[in-house]
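What follows is each chain in one-letter form.
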Amino acid sequence: MGSSAVVVGGGIGGLAAAIGLRRIGWDVTVVERAPVLDDAGAGISLHANGIRALDALGVGAAVRAAARPQYVGGTRTPDGGRLARMDGAALERELGTPIVGIPRAALHRALRAALPPEALLIGAEVTSVDRSDPARVRIPLGETRLEADLVVAADGINSRLRSQLFPGHPGPAYSGSTVLRAITEHPVELCTDFELTWGPGAEFGHIAFTDGRAEWHAVLNSPAGVRFPDPLAELRRRFADWHDPIPALLDATRPEAVLHHDINELTTPLPTYAVGRIALLGDAAHAMTPNLGQGACQALEDAATLAAALAAEPRVEAALTRYDAERRPRSQSVARAARQAGRIGQQLTHPLAIALRNTALRLAPSRATVRTALRHADWTPPRLH
């Protein structure tokens, strides 16, 4: 009888973990609490490390086919002044791929297509696991239960399983920023593939997709829990004097398409990503702010590394110890860097601090910008034997 795993959570990290485990011969069930897989979400950028992880999992080509390379773009001020350029061609020369932009729904579809339909169990919620047997993990599901050699907790930033495994952990904390985002209803004429604009306590950015539509996001310093009766009207007011194409992106958006979430993160690092036969992965393990565009990429790294560790180590506990040793230092370092990037980027409000940052960015040579991108994106996945 082969090894079996239950992956709790059918998001990007959970689906990728299931793909990796199946590639090394495991029987996998993905349990997703949502009753319908509606693929809610806007867009996402994938850096080279995420693409390399997808290649290791065997789904890189499918994702590339649905994604748009991000060659031209950078960072601006609200009046349109240039702070820094993004050189996608230079990143491609260094890493073999530029950053790519893809709708989350398209990424989810590509990942699900790599799994047999019977591997997905939707509309079922895992709230706890039974670890009383050291050789197997039991997962209660209503009137029934699943048993597995391994459980992958990929149940997101508010992970129930993390709370059970680490009852003393404070859980996610509010970052001080909230994000509104959407995908435009129709194509928008854009001069750049990817762009960020930084104003006092606010950021507006976009990612262009293959079909001409774009994802935009607006990040605002805000108390937690604040919501607007008419989000689009509020954003038009807030960004009224910001440069093109920001007004056009907002005008191309249906009001009901706007998503609004507070940005939370795990500011208290977990002491381990492995407890017995349970591995924590993705946001359940290291939820981070989106300032470096690395959240999904780190989850994909987790998935590829977990599969490689289980392929190399005959004992599950030993494999998870290896997984933890390889993933925890790097992912927690990226999370710290993302937090710091937010503090010197979108969250800055003091005029003098903003002026100093902007001057430093304008004076930085283009090679320094590329080097910054390489710092986190230049990662090579372990081989899946």
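Structure's up top.
Predicted model, so just to flag it, every value in this text is computed and none were measured.

K.L.:
How do you make sense of the nonpolar core when you look at a structure like this?
P.N.:
Proteins that are soluble and globular tend to have nonpolar side chains buried together. Within the largest apolar cluster, 70 residues are counted, with the highest numbers of intra-cluster contacts made by Leu21, Trp26, Leu46, Leu150, Val151, Val152 and Leu310. With residues up to four places along the chain from it excluded, the contact list for Leu310 reads Leu21, Ile24, Trp26, Leu150, Val316 and Ala319. Residues Leu190, Ala214, Phe228 and Leu232 belong to the second largest nonpolar core, which totals 21 residues.

K.L.:
Hey, could you run me through the packing of helix 2 (residues 48–57) against helix 10 (residues 295–312) in this one?
P.N.:
Packed helices, taken two at a time, are described by their axes: the angle between them and the distance between them. Between helix 2 and helix 10, whose axes approach to 8 Å, the crossing angle comes to 30°. Accordingly, the angle class assigned to the pair helix 2 and helix 10 is roughly parallel. With respect to the hand of their crossing, helix 2 and helix 10 are arranged in left-handed fashion. For the pair helix 2 and helix 10, contact is made by Asn49, Gly50, Ala53, Leu54, Ala56 and Leu57 and by Cys297, Gln298, Leu300, Glu301, Ala303 and Ala304, respectively.

K.L.:
Help me out: how do you make sense of unusual backbone geometry in this one?
P.N.:
Most peptide bonds take the trans form, and the phi angle of most residues other than glycine is negative. Going from Asp244 to Pro245, the amide bond is cis rather than trans, its omega being 10°. Tracing the backbone shows Pro245 in the loop between helix 7 (231–238) and helix 8 (246–251).

K.L.:
What exactly am I supposed to notice about the pairing of strand 12 (residues 173–183) here?
P.N.:
Consecutive residues of a regular strand have side chains that alternate between opposite faces of the sheet. As judged from the 6 bridges shared by strand 12 and strand 16 (residues 259–265), these two strands associate in the antiparallel manner. The partner of Arg181 across the bridge, within strand 16, is Leu259. The pairing of strand 12 with strand 15 (residues 214–221) spans 7 bridges and is antiparallel. Among the inter-strand pairings, Val179 is bridged to a residue of strand 15, identified as Val219.

K.L.:
Would you take a moment to explain the side chain of His217 for this structure?
P.N.:
Relative to the elements of secondary structure, His217 occurs in strand 15. In this structure His217 comes out as buried when scored by relative accessible area, which is 13%. Polar contacts involving the side chain of His217 include one to the side chain of Glu203, which spans 2.6 Å. Sequence-distant contacts of His217, defined by excluding residues within four places in its chain, comprise Val179, Leu180, Arg181, Leu196, Glu203, Phe204 and Gly205.

K.L.:
Hey, could you run me through the environment of Arg138 in this one?
P.N.:
Its location among the elements puts Arg138 in strand 9 (residues 137–141). Along the chain, Arg138 and Ala148 lie 10 residues apart, while their C-alpha atoms are 6.6 Å from each other. Beyond its immediate sequence surroundings of up to four residues, Arg138 is in contact with Val129, Asp130, Ser132, Asp133, Arg145, Leu146 and Glu147.

K.L.:
Would you explain the packing of aromatic side chains in this entry?
P.N.:
Each aromatic ring pair is characterised by the separation of its centres together with the angle its planes make. Evaluation of the coordinates by the stated rule reveals 3 aromatic pairs. With centroids separated by 5.7 Å and ring planes inclined at 15°, the aromatic side chains of Phe204 and Trp216 adopt a geometry described as stacked. In this pair, Phe204 sits in strand 14 (residues 202–208) while Trp216 sits in strand 15, placing the two residues 12 residues apart along the sequence. Using a relative accessible area of 2% as the deciding quantity, one classes Phe204 as buried. Plain terms: the ring middles of Phe204 and Phe239 are 5.3 Å apart, the flat faces sit at 70° to each other, and that makes the pair edge-to-face.

K.L.:
I'm lost on the sheet that holds strand 14 in this one. Help?
P.N.:
Paired through backbone hydrogen bonds, the strands of a sheet run either parallel or antiparallel to each other. With respect to topology, 7 strands assemble into an open sheet ordered 6-5-13-14-15-12-16, the strand pairing being mixed. Each edge of the sheet is formed by a strand with only one pairing partner; in this case those strands are strand 6 (82–87) and strand 16. Shown here is a sheet whose adjacent strand axes are inclined to one another by a mean of 20°, direction ignored. In terms of strand pairing, strand 5 (residues 72–76) meets strand 13 (residues 194–199) through 4 bridges, oriented parallel. Paired with Arg76 across the strands is Thr197, a residue of strand 13.

Cut-offs applied
All chains use their own residue numbering, which begins from 1 and follows the written sequence. Local features in this predicted model are restricted to residues whose pLDDT is 70 or higher, and side-chain atom pairs enter the listing and the counts only when it is 80 or higher, whereas totals over whole chains, interfaces and linings include all residues. Heavy atoms throughout the structure, all of them, feed into the side-chain values; hydrogens and water do not. The definition of a nonpolar core used throughout is a set of buried Ala, Val, Leu, Ile, Met, Phe, Trp, Tyr and Cys residues joined through side-chain atoms within 4.5 Å. Only protein chains enter the accessibility calculation, which uses a 1.4 Å probe; a residue whose area is less than 20% of its type maximum is buried, one above 50% is exposed, and one in between is partly exposed. What makes two residues a contact is simply this: any of their non-hydrogen atoms within 4.5 Å. Comment: axis = line fitted to C-alpha atoms, over the contacting stretch for helices; angle = value between 0 and 180 degrees taken between N-to-C directions. Secondary structure elements follow DSSP: runs of H or I no shorter than four residues count as helices, runs of E no shorter than two count as strands, and numbering proceeds from the N terminus. Note on angle classes: values under 35 degrees are labelled roughly parallel, values over 145 roughly antiparallel, values of 65 to 115 roughly perpendicular, and the remainder oblique. In a left-handed crossing the near helix is turned counterclockwise from the far helix by less than a right angle, and in a right-handed crossing that turn is clockwise. Whether two strands pair comes down to DSSP finding at least two bridges between them. Polar contacts, as counted here, are pairs of nitrogen or oxygen atoms within 3.5 Å of one another; within protein the pair requires one atom able to donate a hydrogen and one able to accept it, and residues that are adjacent in sequence qualify only if both atoms are side-chain atoms. Stacked, tilted and edge-to-face are the three classes assigned to paired rings of Phe, Tyr and Trp, where Trp is represented by its six-membered ring and a pair needs centres within 6.5 Å; plane angles under 30 degrees give stacked, over 60 edge-to-face, the rest tilted.

Functional significance is not addressed by these values, which are geometric in nature.
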